[in-house]
Amino acid sequence: MNRLIYIIALSLLIISCEDVIDVDLKTAETRLVIDASLSWEKGTLGNNQEIKLSLTAPYFSNTIPAATGATVVVTDSNNNTFNFIEQGNSGVYQNNTFIPEINGVYTLTVNYNNEIYTATESLKSVVTIDYVEQNNNGGFSGEDIEIKAFYTDPADQENYYLFQFQNNQNVPMLVVYDDEFTNGNQIFGFFSDDEMKTNDNLNIKISGISKRHYDYLFILLQQTDDESGDPFETQPATVRGNCINQTNPNNYPLGYFRISETDVFNYTVQ
(Lines give C-alpha, C1' and ligand atoms only; values in the text may rest on other atoms or scores of the structure.)
Protein backbone atom coordinates (compact mmCIF):
# COMPACT_ATOMS: atom_id res chain seq x y z
CA MET A 1 0.00 0.00 0.00
CA ASN A 2 2.82 2.40 0.89
CA ARG A 3 4.49 1.61 -2.45
CA LEU A 4 1.25 2.46 -4.32
CA ILE A 5 0.95 5.78 -2.47
CA TYR A 6 4.59 6.55 -3.35
CA ILE A 7 4.01 5.88 -7.06
CA ILE A 8 0.89 8.07 -7.11
CA ALA A 9 2.71 10.88 -5.31
CA LEU A 10 5.65 10.65 -7.70
CA SER A 11 3.30 10.77 -10.72
CA LEU A 12 1.60 13.88 -9.40
CA LEU A 13 4.99 15.51 -8.80
CA ILE A 14 6.11 14.79 -12.37
CA ILE A 15 2.84 16.12 -13.83
CA SER A 16 2.98 19.25 -11.69
CA CYS A 17 6.50 19.98 -12.97
CA GLU A 18 5.39 20.19 -16.60
CA ASP A 19 5.75 23.68 -18.06
CA VAL A 20 5.00 25.08 -21.49
CA ILE A 21 8.27 26.07 -23.12
CA ASP A 22 8.18 28.77 -25.76
CA VAL A 23 11.11 28.42 -28.14
CA ASP A 24 12.32 31.82 -29.30
CA LEU A 25 13.73 31.09 -32.74
CA LYS A 26 15.63 33.67 -34.72
CA THR A 27 13.82 34.85 -37.85
CA ALA A 28 15.94 34.82 -40.99
CA GLU A 29 15.66 37.36 -43.76
CA THR A 30 12.65 36.74 -46.00
CA ARG A 31 13.60 35.27 -49.35
CA LEU A 32 11.81 34.59 -52.61
CA VAL A 33 11.00 30.92 -53.30
CA ILE A 34 10.80 29.97 -56.98
CA ASP A 35 8.90 26.76 -57.78
CA ALA A 36 9.34 26.59 -61.53
CA SER A 37 9.00 22.96 -62.58
CA LEU A 38 7.84 22.97 -66.20
CA SER A 39 6.78 19.50 -67.31
CA TRP A 40 5.96 18.32 -70.84
CA GLU A 41 3.84 15.21 -70.36
CA LYS A 42 4.17 12.69 -73.19
CA GLY A 43 1.13 12.68 -75.45
CA THR A 44 0.24 16.33 -74.78
CA LEU A 45 1.17 19.61 -76.43
CA GLY A 46 2.75 20.89 -73.24
CA ASN A 47 1.31 24.37 -73.80
CA ASN A 48 -0.12 24.83 -70.29
CA GLN A 49 2.55 25.54 -67.70
CA GLU A 50 2.62 27.01 -64.20
CA ILE A 51 5.17 28.71 -61.94
CA LYS A 52 4.63 29.39 -58.24
CA LEU A 53 6.30 32.19 -56.31
CA SER A 54 6.18 32.40 -52.53
CA LEU A 55 8.14 33.81 -49.62
CA THR A 56 9.91 32.07 -46.77
CA ALA A 57 8.05 32.15 -43.45
CA PRO A 58 8.92 31.61 -39.76
CA TYR A 59 9.23 27.99 -38.62
CA PHE A 60 5.98 27.94 -36.63
CA SER A 61 3.95 29.84 -39.23
CA ASN A 62 0.81 28.10 -40.50
CA THR A 63 0.73 29.95 -43.82
CA ILE A 64 3.08 30.38 -46.77
CA PRO A 65 2.96 33.97 -48.09
CA ALA A 66 2.44 34.31 -51.84
CA ALA A 67 4.88 36.47 -53.81
CA THR A 68 2.41 38.63 -55.74
CA GLY A 69 2.83 41.28 -58.37
CA ALA A 70 5.87 39.77 -60.06
CA THR A 71 6.64 39.77 -63.77
CA VAL A 72 7.49 36.24 -64.91
CA VAL A 73 8.83 35.48 -68.39
CA VAL A 74 10.41 32.42 -70.02
CA THR A 75 12.31 32.73 -73.30
CA ASP A 76 13.74 29.96 -75.48
CA SER A 77 16.67 29.62 -77.87
CA ASN A 78 14.33 30.30 -80.81
CA ASN A 79 13.58 33.82 -79.51
CA ASN A 80 10.08 32.89 -78.37
CA THR A 81 8.79 34.73 -75.31
CA PHE A 82 6.24 33.20 -72.91
CA ASN A 83 4.60 35.53 -70.40
CA PHE A 84 3.30 33.90 -67.21
CA ILE A 85 0.27 35.78 -65.84
CA GLU A 86 -0.61 35.74 -62.14
CA GLN A 87 -3.99 34.28 -61.22
CA GLY A 88 -5.46 36.89 -58.86
CA ASN A 89 -3.11 37.48 -55.93
CA SER A 90 -2.23 33.83 -55.55
CA GLY A 91 1.46 33.85 -56.45
CA VAL A 92 0.56 31.29 -59.16
CA TYR A 93 1.63 32.39 -62.65
CA GLN A 94 0.32 30.57 -65.73
CA ASN A 95 0.97 30.40 -69.46
CA ASN A 96 -0.99 28.51 -72.15
CA THR A 97 1.19 29.13 -75.20
CA PHE A 98 4.38 27.41 -74.14
CA ILE A 99 6.33 25.50 -76.82
CA PRO A 100 8.40 22.58 -75.48
CA GLU A 101 11.36 21.29 -77.50
CA ILE A 102 13.70 18.45 -76.53
CA ASN A 103 17.19 19.84 -75.73
CA GLY A 104 15.84 23.36 -76.16
CA VAL A 105 17.43 25.94 -73.87
CA TYR A 106 15.08 28.07 -71.76
CA THR A 107 15.71 31.10 -69.57
CA LEU A 108 13.47 32.17 -66.71
CA THR A 109 13.35 35.83 -65.71
CA VAL A 110 11.47 37.00 -62.62
CA ASN A 111 11.12 40.68 -61.69
CA TYR A 112 10.01 40.87 -58.05
CA ASN A 113 10.25 43.95 -55.83
CA ASN A 114 12.49 45.61 -58.42
CA GLU A 115 15.02 42.79 -58.30
CA ILE A 116 15.77 40.55 -61.27
CA TYR A 117 16.12 36.78 -60.82
CA THR A 118 17.25 34.53 -63.68
CA ALA A 119 17.90 30.83 -64.37
CA THR A 120 18.69 28.78 -67.47
CA GLU A 121 17.96 25.10 -68.09
CA SER A 122 17.58 22.74 -71.05
CA LEU A 123 14.58 20.46 -71.62
CA LYS A 124 15.61 16.86 -70.91
CA SER A 125 13.90 13.92 -72.61
CA VAL A 126 12.79 10.79 -70.77
CA VAL A 127 11.95 7.17 -71.57
CA THR A 128 8.55 5.63 -70.94
CA ILE A 129 7.63 3.43 -67.98
CA ASP A 130 7.61 -0.14 -69.33
CA TYR A 131 5.44 -1.74 -66.67
CA VAL A 132 4.70 -1.74 -62.93
CA GLU A 133 5.28 -4.70 -60.61
CA GLN A 134 3.73 -5.14 -57.15
CA ASN A 135 5.01 -7.11 -54.15
CA ASN A 136 2.64 -7.61 -51.19
CA ASN A 137 5.24 -9.11 -48.86
CA GLY A 138 7.69 -6.25 -48.52
CA GLY A 139 9.21 -4.30 -45.67
CA PHE A 140 10.58 -5.58 -42.35
CA SER A 141 7.16 -6.90 -41.39
CA GLY A 142 6.71 -8.77 -44.67
CA GLU A 143 3.28 -7.17 -45.01
CA ASP A 144 4.06 -3.87 -46.74
CA ILE A 145 3.10 -3.25 -50.38
CA GLU A 146 6.08 -2.45 -52.60
CA ILE A 147 5.84 -0.98 -56.10
CA LYS A 148 8.50 -1.14 -58.80
CA ALA A 149 8.12 0.98 -61.93
CA PHE A 150 10.42 -0.46 -64.62
CA TYR A 151 12.04 1.62 -67.37
CA THR A 152 14.82 0.96 -69.90
CA ASP A 153 17.76 3.34 -69.75
CA PRO A 154 19.19 4.37 -73.14
CA ALA A 155 22.69 3.05 -73.83
CA ASP A 156 25.66 5.39 -74.38
CA GLN A 157 23.91 8.33 -72.73
CA GLU A 158 24.34 10.01 -69.36
CA ASN A 159 20.85 10.15 -67.88
CA TYR A 160 19.33 11.45 -64.67
CA TYR A 161 15.79 10.76 -63.54
CA LEU A 162 13.24 12.15 -61.10
CA PHE A 163 10.46 9.80 -59.94
CA GLN A 164 7.32 11.11 -58.27
CA PHE A 165 5.00 8.65 -56.52
CA GLN A 166 1.69 10.06 -55.30
CA ASN A 167 -0.77 7.83 -53.46
CA ASN A 168 -4.39 9.08 -53.34
CA GLN A 169 -3.44 12.75 -53.65
CA ASN A 170 -1.06 12.69 -50.66
CA VAL A 171 2.17 14.66 -50.79
CA PRO A 172 4.23 12.97 -53.53
CA MET A 173 7.38 11.06 -52.64
CA LEU A 174 10.38 12.10 -54.73
CA VAL A 175 13.26 9.81 -55.69
CA VAL A 176 16.21 10.56 -57.99
CA TYR A 177 18.32 8.08 -59.97
CA ASP A 178 21.32 8.22 -62.27
CA ASP A 179 22.52 5.58 -64.74
CA GLU A 180 26.15 5.33 -63.63
CA PHE A 181 25.82 1.60 -62.93
CA THR A 182 22.71 0.82 -64.99
CA ASN A 183 23.50 2.40 -68.36
CA GLY A 184 21.58 0.64 -71.14
CA ASN A 185 19.76 -1.73 -68.76
CA GLN A 186 16.21 -2.11 -67.54
CA ILE A 187 15.92 -0.77 -64.00
CA PHE A 188 13.12 0.38 -61.73
CA GLY A 189 11.96 3.22 -59.51
CA PHE A 190 10.92 1.97 -56.07
CA PHE A 191 8.05 3.01 -53.79
CA SER A 192 6.67 1.58 -50.55
CA ASP A 193 4.09 2.94 -48.13
CA ASP A 194 2.85 1.05 -45.06
CA GLU A 195 -0.52 2.82 -45.40
CA MET A 196 -1.05 1.79 -49.03
CA LYS A 197 -3.90 -0.66 -49.59
CA THR A 198 -5.82 -2.47 -52.33
CA ASN A 199 -7.67 -0.20 -54.82
CA ASP A 200 -5.56 2.84 -53.94
CA ASN A 201 -4.68 4.93 -56.98
CA LEU A 202 -0.95 5.50 -57.42
CA ASN A 203 0.19 8.22 -59.81
CA ILE A 204 3.73 7.56 -61.04
CA LYS A 205 5.79 10.11 -62.97
CA ILE A 206 9.28 9.80 -64.41
CA SER A 207 11.05 12.93 -65.66
CA GLY A 208 14.38 13.54 -67.32
CA ILE A 209 16.50 16.05 -65.39
CA SER A 210 19.93 17.62 -65.71
CA LYS A 211 22.94 16.56 -63.63
CA ARG A 212 22.84 19.85 -61.75
CA HIS A 213 19.20 19.31 -60.81
CA TYR A 214 19.98 15.73 -59.81
CA ASP A 215 22.74 16.95 -57.49
CA TYR A 216 20.44 19.62 -56.04
CA LEU A 217 17.62 17.16 -55.33
CA PHE A 218 19.99 14.47 -54.02
CA ILE A 219 21.30 16.81 -51.32
CA LEU A 220 17.85 18.21 -50.57
CA LEU A 221 16.27 14.76 -50.20
CA GLN A 222 19.11 13.60 -47.95
CA GLN A 223 18.46 16.51 -45.61
CA THR A 224 14.74 15.80 -45.42
CA ASP A 225 15.05 12.02 -45.02
CA ASP A 226 12.90 10.92 -42.06
CA GLU A 227 15.34 8.10 -41.34
CA SER A 228 18.27 10.46 -40.86
CA GLY A 229 19.17 11.75 -37.44
CA ASP A 230 22.74 10.68 -36.76
CA PRO A 231 23.88 13.17 -34.08
CA PHE A 232 27.34 13.27 -35.65
CA GLU A 233 26.23 13.95 -39.21
CA THR A 234 26.58 17.31 -40.93
CA GLN A 235 23.69 19.56 -40.03
CA PRO A 236 21.34 20.69 -42.83
CA ALA A 237 22.35 23.83 -44.68
CA THR A 238 20.60 26.01 -47.23
CA VAL A 239 20.55 24.23 -50.59
CA ARG A 240 20.76 26.76 -53.38
CA GLY A 241 19.34 26.04 -56.81
CA ASN A 242 20.11 27.49 -60.22
CA CYS A 243 18.21 30.77 -59.74
CA ILE A 244 20.38 33.88 -59.32
CA ASN A 245 19.49 37.36 -58.11
CA GLN A 246 21.16 39.54 -60.73
CA THR A 247 20.33 42.77 -58.87
CA ASN A 248 21.46 41.79 -55.38
CA PRO A 249 23.37 38.45 -55.28
CA ASN A 250 23.34 38.43 -51.46
CA ASN A 251 19.53 38.28 -51.53
CA TYR A 252 19.58 34.91 -53.25
CA PRO A 253 16.31 33.01 -53.84
CA LEU A 254 15.43 29.43 -52.95
CA GLY A 255 14.02 26.88 -55.38
CA TYR A 256 14.88 25.66 -58.83
CA PHE A 257 13.98 26.21 -62.48
CA ARG A 258 13.50 22.79 -64.11
CA ILE A 259 12.09 21.82 -67.48
CA SER A 260 11.54 18.16 -68.33
CA GLU A 261 9.75 15.67 -70.52
CA THR A 262 7.59 13.46 -68.27
CA ASP A 263 5.94 10.07 -68.63
CA VAL A 264 2.91 9.32 -66.44
CA PHE A 265 1.63 5.90 -65.36
CA ASN A 266 -1.55 5.54 -63.28
CA TYR A 267 -1.60 2.30 -61.32
CA THR A 268 -4.35 0.76 -59.20
CA VAL A 269 -2.99 -1.18 -56.24
CA GLN A 270 -4.00 -4.85 -56.45
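Not measured: the values here are computed from a predicted model. (Residues numbered from 1 in each chain as written. Predicted model: local features only at pLDDT ≥ 70, side-chain atom pairs only at ≥ 80, totals over all residues. Heavy atoms only, no water.)

## Here we look at the side chain of D144
Relative to the helices and strands, D144 resides in strand β9 (residues 144-152). One buried charged residue, D144, remains without a salt bridge, the closest side chain of opposite sign being K197 at 13 Å. (Helix = DSSP H or I, 4+ residues; strand = E, 2+ residues; numbered from the N terminus. Buried < 20%, exposed > 50% of the residue type's maximum accessible area, 1.4 Å probe, protein only. Lys, Arg positive; Asp, Glu negative; His and termini not counted. Salt bridge = Lys/Arg side-chain N within 4 Å of Asp/Glu carboxyl O.)

## A word on the environment of G184
As for its placement among the helices and strands, G184 is situated in the loop between β11 (173-178) and β12 (186-193). Take G184: its relative accessible area is 32%, and that puts it in the partly exposed class. C-alpha of G184 to C-alpha of A155: the two residues are 29 residues apart in sequence and 3.8 Å apart in space. Among all residues touching G184, those that are not within four sequence positions of it are D153, P154 and A155. (Contact = heavy atoms within 4.5 Å.)

## What about the sheet that holds strand β10 (residues 160-167)?
Taking strand neighbours across the sheet as the criterion, the twelve strands line up as β11-β10-β13-β15-β1-β2-β5-β4-β3-β6-β7-β14 in an open arrangement whose pairing is mixed. Either end of the sheet is taken by a strand with one partner, and the two such strands are β11 and β14 (244-245). The pairing of strand β6 (residues 105-112) with strand β7 (residues 115-122) spans eight bridges and is antiparallel. Across the sheet, the residue bridging to T107 is T120, located in β7. The sheet strands contacting helix α2 (residues 211-223) are β7, β10, β11 and β15 (254-268), and the helix crosses β11 at an angle near 130°. (Pairing = 2+ DSSP bridges. Axes fitted to C-alpha atoms, helices over the stretch in contact; angles between N-to-C directions.)

## Considering unusual backbone geometry
Backbone geometry at N79 places phi at a positive 65°, although glycine is not the residue there. Position of N79 relative to the elements: it lies in the loop between β3 (71-76) and β4 (81-86).

## Concerning the pairing of β15
Pairing between strand β1 (residues 32-41) and β15: nine bridges, direction parallel. Bridged to E41 within β15 is T262. The sheet contact formed by strand β13 (residues 201-208) and β15 spans seven bridges and is antiparallel. The residue of β15 that forms the bridge with I206 is D263.

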